[in-house]
Amino acid sequence: MKIELNQQIKANPIIYNYLRDDSKHYKYLYRNREHIKVIEQLAKEKYKLRSVDKIEKLKNNIDLIKTFMDVLN
């Protein structure tokens, strides 16, 4: 693996932790270093860091607050 790619992985904790959990992607990185973009997308999906996931979490929090307010009334 290229030194630059290794530094890029260690600089991004999301990718680094994802590769520690699912190490099969190292094989793809050895073959094609552009696979790092796919790994980043997979990691964001797994750890729910996409904008869609953040909106869903916000919606759930608002629903929780609404339910709590209904119980108080």
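Just above sits the structure.
To start, this report covers the structure provided alongside it.

1. Topic: the packing of helix 1 (residues 3–11) against helix 2 (residues 13–21)
One way to put it is that helix 1 packs onto helix 2 with a least axis distance of 5 Å and a crossing angle of 100 degrees. With respect to helix 2, the axis of helix 1 lies roughly perpendicular. Across the interface between the two elements, Ile 9, Lys 10 and Ala 11 from helix 1 touch Pro 13, Ile 15, Tyr 16 and Leu 19 from helix 2. When grouped by side-chain class, the residues that make up the contact of helix 1 with helix 2 number 6 nonpolar, no polar and 1 charged.

2. Some details on the side chain of Asp 53
Residue placement: Asp 53 occurs in helix 5 (residues 51–72). If near-sequence neighbours (up to four positions away) are discounted, Asp 53 is found in contact with Lys 44, Glu 45 and Lys 48.

About the criteria used
Residues numbered from 1 in each chain as written. Predicted model: local features only at pLDDT ≥ 70, side-chain atom pairs only at ≥ 80, totals over all residues. Heavy atoms only, no water. Axes fitted to C-alpha atoms, helices over the stretch in contact; angles between N-to-C directions. Helix = DSSP H or I, 4+ residues; strand = E, 2+ residues; numbered from the N terminus. Parallel < 35°, antiparallel > 145°, perpendicular 65-115°, else oblique. Contact = heavy atoms within 4.5 Å. Nonpolar A, V, L, I, M, F, W, Y, C, P; charged D, E, K, R; others polar.

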